[in-house]
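Chain by chain, the residues:
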Amino acid sequence: TLAWNQMVQNGNFVNTTNWYPTANISVSNNELTYTSPSASQDNGINTGAYMNLINGHKYLALANIKMPSANKINIQLATTDWSTNIIQRVDVSTTNKTAVNAMFAATSTVSAVRLMYFFFKNTAPSVGDVVKVSNVMLIDLTQMFGSTIADAIYAILADRKSVV
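Residues numbered from 1 in each chain as written. Predicted model: local features only at pLDDT ≥ 70, side-chain atom pairs only at ≥ 80, totals over all residues. Heavy atoms only, no water.

1. Focus: the overall build of the protein
- A tally of regular secondary structure across the protein gives two helices and eleven strands.
- The secondary structure elements of the protein, listed N-terminal to C-terminal, are β-β-β-β-β-β-β-β-β-β-β-α-α.
- Counting every position in the protein, which comprises 164 residues, the buried fraction comes to 45%.
- The long-range share in the protein, meaning contacts at least 24 apart out of those at least 6 apart in sequence, stands at 76%.
- Taken as a whole, the protein presents about 7,600 Å² of accessible surface, with 49% of it coming from carbon and sulfur. (Helix = DSSP H or I, 4+ residues; strand = E, 2+ residues; numbered from the N terminus. Buried < 20%, exposed > 50% of the residue type's maximum accessible area, 1.4 Å probe, protein only. Contact = heavy atoms within 4.5 Å. Areas by Shrake-Rupley, 256 points an atom, 1.4 Å probe, with all protein chains shown as cover.)

Put into C-alpha cells, the structure is as follows:
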C-alpha cells in the first residue's frame, strides 16, 4: 500500500520509467533488478523525477533491497550531481535481504531533489552482481501527520538519521 503523499514516482516498479541508469536495470513483478556493470563502490540507482523538500519537514525513505551479500548502502537526497550536491545521506548496513529505511530532516526548502541508493559501500561488487529493489517510497511525515508526530517518529528512528 502506498502512502497518500508518496513522493517517488513509480516506486512500485510498474516499469523502469523515472529510474536511472537505464542501461543497468530491468523490472519484473514490481521488482527492479540492478546489475552491477563494474567493480566500483559507486554502483547505484536514482529517481529521474525531481522532488521538492520543504524547510522543517521530516521525510522517511523506505525500500526493500536484496543484496547478494551483507554490505552497506548509502541512501541520499541530492541535486543533479550525486558526488558534490549531497543534501543529506544515511548509511545503512544490510544483510542480503532487508527492509531499508532512512530519516531526513529538511533544513531549507530545496527543489530538484533526487532519491539515490548506492550499493556495495563496504565491499566492492563483482561485475554482474545483482541487487533487487521493491516498494521504494519517500514520505513527507510532516505533511501526513503534522510536526509533533513527525518529530516523534524522527526521534524514534534516530539511528537512521542523516550523516551529512
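The discussion continues.
2. Some remarks on the pattern of salt bridges
- Applying the stated criterion to the full structure yields three salt bridges.
- Put simply, E31 and K66 hold a salt bridge, and the shortest N to O gap is 2.9 Å. A residue pair is termed long-range when its members are at least 10 positions apart, and E31 in strand β3 (residues 31-35) and K66 in strand β6 (residues 58-66) qualify at 35 residues.
- The buried category is assigned to E31, whose relative accessible area is 17%.
- Overall, the relative accessible area of 33% leaves K66 in the partly exposed class.
- Between D151 and K58 there is a salt bridge, with its nearest N and O atoms 2.8 Å apart. With D151 in helix α2 (residues 147-156) and K58 in strand β6, this pair connects stretches of sequence that are 93 residues apart. (Salt bridge = Lys/Arg side-chain N within 4 Å of Asp/Glu carboxyl O.)

3. Focus on the packing of aromatic side chains
- For the coordinates displayed, the defined rule picks out two aromatic pairs.
- Taken together, a centroid distance of 5.6 Å and an interplanar angle of 55 degrees make the contact between Y34 and F119 tilted. Placement of the pair is Y34 in strand β3 and F119 in the loop between β10 (110-118) and β11 (130-140), with a sequence separation of 85 residues.
- The exposure class of F119 is buried, given its relative accessible area of 0%.
- The residue whose ring lies beneath K58 is Y154, and the NZ or CZ to ring-centre distance is 5.4 Å. (Phe/Tyr/Trp six-rings, centres within 6.5 Å; stacked < 30°, edge-to-face > 60°. Lys NZ or Arg CZ within 6 Å of the ring centre and 35° of its normal.)

4. Some details on the pairing of strand β4 (residues 44-47)
- Every second residue of β4 is oriented toward a common face, with G44 and N46 on one face and I45 and T47 on the other, all of them buried.
- The pairing of strand β1 (residues 19-20) with β4 spans two bridges and is antiparallel. Looking at β4, one finds that W19 is bridged to T47.
- Sheet topology places β4 next to β10; three bridges connect them, and they run antiparallel. (Pairing = 2+ DSSP bridges.)

5. Quick notes on the environment of S38
- Following the sequence through the fold, S38 ends up in the loop between β3 and β4.
- Sequence separation between S38 and G128 is 90 residues, and the spatial gap between their C-alpha atoms is 7.6 Å.
- Not counting chain neighbours up to four residues away, the residues in contact with S38 comprise N43, P125, S126 and V127.

6. As for the nonpolar core
- Formed by 34 residues in total, the largest nonpolar core has its most connected members in I65, I75, L115, Y117 and F119.
- Among the secondary structure elements, those contributing two or more residues to this core are β3, β5 (51-53), β6, β7 (71-79), β8 (86-94), β9 (97-105), β10 and β11.
- Every residue in contact with F119, bar those within four places of it in the chain, is listed here: Y34, Q41, N43, G44, I45, I65, M67, K72, I73, V131 and V133.
- If you look at the next biggest cluster of nonpolar residues, it comprises eight residues, including A105, L141, A150 and Y154. (Core = buried A, V, L, I, M, F, W, Y, C linked by side-chain atoms within 4.5 Å.)

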